[in-house]
Amino acid sequence: MAKLAFILRMPSEVLGEIFCHSSELHPEAPLVLASVSRTFHLVVHSTPLVWNHLRLAVSESTDESCVRKCELWFSMAGACAMEVDVDLSRMPDTTQTLDQLKSDKMVSFLRVPHILRKFSHRISALTFHSVAFDLANIFISLVYPSGSDPDEARALKKLNLLSSQKSFSGVHRGGCATSFHLPILPHLTELKCVNHPLPNICQTNLQNLRTLSIHYPIRFPPIPFHTVFSLLRSTTNLERLKIEARMTDSDRTLSQHPSGSEGHDSQDTYLITLPSLTHLSLRINKISKFIVRLLLPDLHTLRMEDLDGKRVGSAEETGSVLRQLLVRMELPCETRRGRGLEVLELCGVDIRQKLAGHGDGVWEWCFRRLRTLRELSIRKVEIEQLLSMLTPERRKGNHGAVEEGDEIICPALERLSITSPTSRSTGPVIKFKMGRPGVVVDMDIIADPLSAQGLDYLGLYTDLDGKALFSPSSASYSPRYEL
């Protein structure tokens, strides 16, 4: 009671600020807090920002309660912009029967989308969780119908399409939805698609886009490079780009671009300039074919995870395109605001220090060029090769004293994060610490669970006669860890 009395003596403005943060963590916080005491009730009902997060679990049985909740939240929020989270996971998954008409009738029967349609001019962020992306598409088309006044959608700046659909029926060969066109959202700044195919996006929606995230599961059809390039050419104000998907070089004459155009991409060889892009995260295959097309003068953070990084020749190929990217970053640019690349994360990327007979390798050239790099994270990378490049050479002077080499690679480096399945790299790490004492090294050892339990998982593979193809005693059996 003493603690509660102390809280009740706090100014109502401070309590209101605390309640606003509580509603961000839990959408039902306004109702819970209002039932604690009379003071809490008055603060909650006199602070509109406490009500600007609305979560709706929509289904046929909860439609009426969601309508009442929707009207209450919008009335209590006053003129504040609303962030609405719509959970459609309780709706039946009609993709099992491929009945598009059934999905349309089922969603149209609900009252919730029509209520949100009335308040669409106040929705600043909209998130959909669904078991089938068709349900989210129909729901959006009801909230923002075609032919409606674009001013009603001016408030929407953030759109998240999150689906748990396990099949990819309804996905076009180009990685897009076959029939869903995103409504005109002139002030859209953030678009995120998780397990949801890219909708067809008009040029108006791309002009102000700042953040684009595409997360495709492995079971989805790969996205053609020209599909993404067509998007990027229209998003000149893009600041953050994240792609996790399989990429492919498909016949572009058979697929439709998400920007609405069809046919051959006549600008295949053109560089795509994104002057405002500061964060780039790629978890794709054929990563070199993507990076080679980009001109990023203001890039600050780069994350690369090569899904096929162990292919033959990947070290030289990926290193060469990274070198091109770094050289282009140093070209004159009037709009440049940053100092250069400061954060780099490598995962599954093949790195080799030297090419036989060619002096310094391309990767060593790249690291010598990273003079502004402050943070470096590596995972599934040859740690010994990388540390040998970053550790300064030590030589004996004229009087036998040990002196440092002439040049320190990545002189601004402050933190090095290493993730390894074994501790066999501790020797090179200790040598690096001695050579670079000013760099903080974080090493995370994640042991192989099969190795820790002593499981002979290779022995599970047998031939047609049931004989083991591998055994720990065989000469061909040599467990190794891919860093």
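First, a word on what this report is: a plain description of the structure on this page. Along each chain, numbering runs from 1 in the same order as the chain's sequence is written. Note on the predicted model: pLDDT of at least 70 is required for a residue's local features to be given, and 80 or more for side-chain atom pairs to be given and counted; whole-chain, interface and lining totals, by contrast, use all residues. Working from all heavy atoms in the structure, the side-chain values ignore hydrogens and water.

Right, let's talk about the nonpolar core for a bit. Take the buried Ala, Val, Leu, Ile, Met, Phe, Trp, Tyr and Cys residues and link them wherever side-chain atoms come within 4.5 Å; each set so joined is a nonpolar core. Each residue gets one of three labels from its accessible area relative to the maximum for its type: buried under 20%, exposed over 50%, partly exposed in between, using a 1.4 Å probe on protein chains only. Leu 116, Phe 128, Leu 159, Phe 290, Trp 363, Phe 367 and Leu 376 are the most contacted members of the largest nonpolar core, which has 119 residues in total. Those residues in contact with Leu 116, other than ones at most four positions away along the chain, are Leu 56, Cys 70, Phe 74, Val 84, Val 86, Ile 123, Phe 139 and Val 143. Only heavy atoms enter the contact rule, under which two residues are in contact if any of them lie within 4.5 Å.

Turning next to unusual backbone geometry. The backbone phi angle of Lys 286 is positive, close to 50°, even though this residue is not glycine. Each helix is a run of H or I in the DSSP string that is no shorter than four residues. Each strand is a run of E no shorter than two, and both are numbered from the N terminus. Topologically, Lys 286 is positioned in the loop between strand E13 (279-284) and helix H11 (287-291).

A separate point is the pattern of salt bridges. Side chains bearing opposite charge may pair, as long as their charged atoms lie close to each other. When a carboxyl oxygen of Asp or Glu is within 4 Å of a side-chain nitrogen of Lys or Arg, the pair counts as a salt bridge. Tallied over the full model, the rule gives 21 salt bridges. We note a salt bridge from Arg 283 to Glu 305, for which the minimum N-O separation is 3.3 Å. Of the two residues, Arg 283 sits in strand E13 while Glu 305 sits in strand E15 (residues 301-306), which places them 22 residues apart along the sequence. Judged by relative accessible area, which is 7%, Glu 305 ranks as buried. Because the salt bridges share partners, they merge into one network encompassing Arg 283, Arg 303, Glu 305, Glu 345 and Arg 379.

Before going further, it helps to spend a moment on the packing of helix H12 (residues 314-329) against helix H13 (residues 362-369). Each axis is a line fitted through C-alpha atoms, and for a helix only the stretch in contact is used; angles between axes span 0 to 180 degrees, taken between their N-to-C directions. Where H12 meets H13, the closest approach of the two axes is 8 Å, and the angle between their N-to-C directions is 30°. The orientation of H12 with respect to H13, classified from their angle, is roughly parallel. The way H12 lies across H13 gives a crossing that is left-handed. Contact residues: H12 offers Ala 315, Glu 316, Thr 318, Gly 319, Ser 320, Leu 322, Arg 323, Leu 326 and Val 327, while H13 offers Val 362, Trp 363, Trp 365, Cys 366 and Arg 369. Side-chain classes follow a simple rule in which Ala, Val, Leu, Ile, Met, Phe, Trp, Tyr, Cys and Pro form the nonpolar group, Asp, Glu, Lys and Arg form the charged group, and the remainder, Gly included, forms the polar group. Class assignment for the residues of the contact of H12 with H13 results in 8 nonpolar, 3 polar and 3 charged. Angular relationships are summarised with four words: roughly parallel below 35 degrees, roughly antiparallel beyond 145, roughly perpendicular across 65 to 115, and oblique for the angles in between. Working rule for handedness: look at the near helix, and if it is turned counterclockwise from the far one by less than a right angle, call the crossing left-handed; if clockwise, right-handed.

Turning our attention to the pairing of strand E8 (residues 211-215). Of all 5 residues that make up E8, 5 are buried, and the element is covered over most of its length. The alternating pattern of E8 places Thr 211, Ser 213 and His 215 on one face and Leu 212 and Ile 214 on the opposite face, and all of these are buried. Only strands joined by at least two bridges in the DSSP assignment are considered to pair. Relative to E8, strand E6 (residues 190-194) runs parallel, the two sharing 5 bridges. Its bridge partner lying in E8, Val 194 is registered against His 215. The pairing of E8 with strand E10 (residues 240-244) spans 5 bridges and is parallel. Bridge assignment links Ser 213 to a residue of E10, and that residue is Lys 242.

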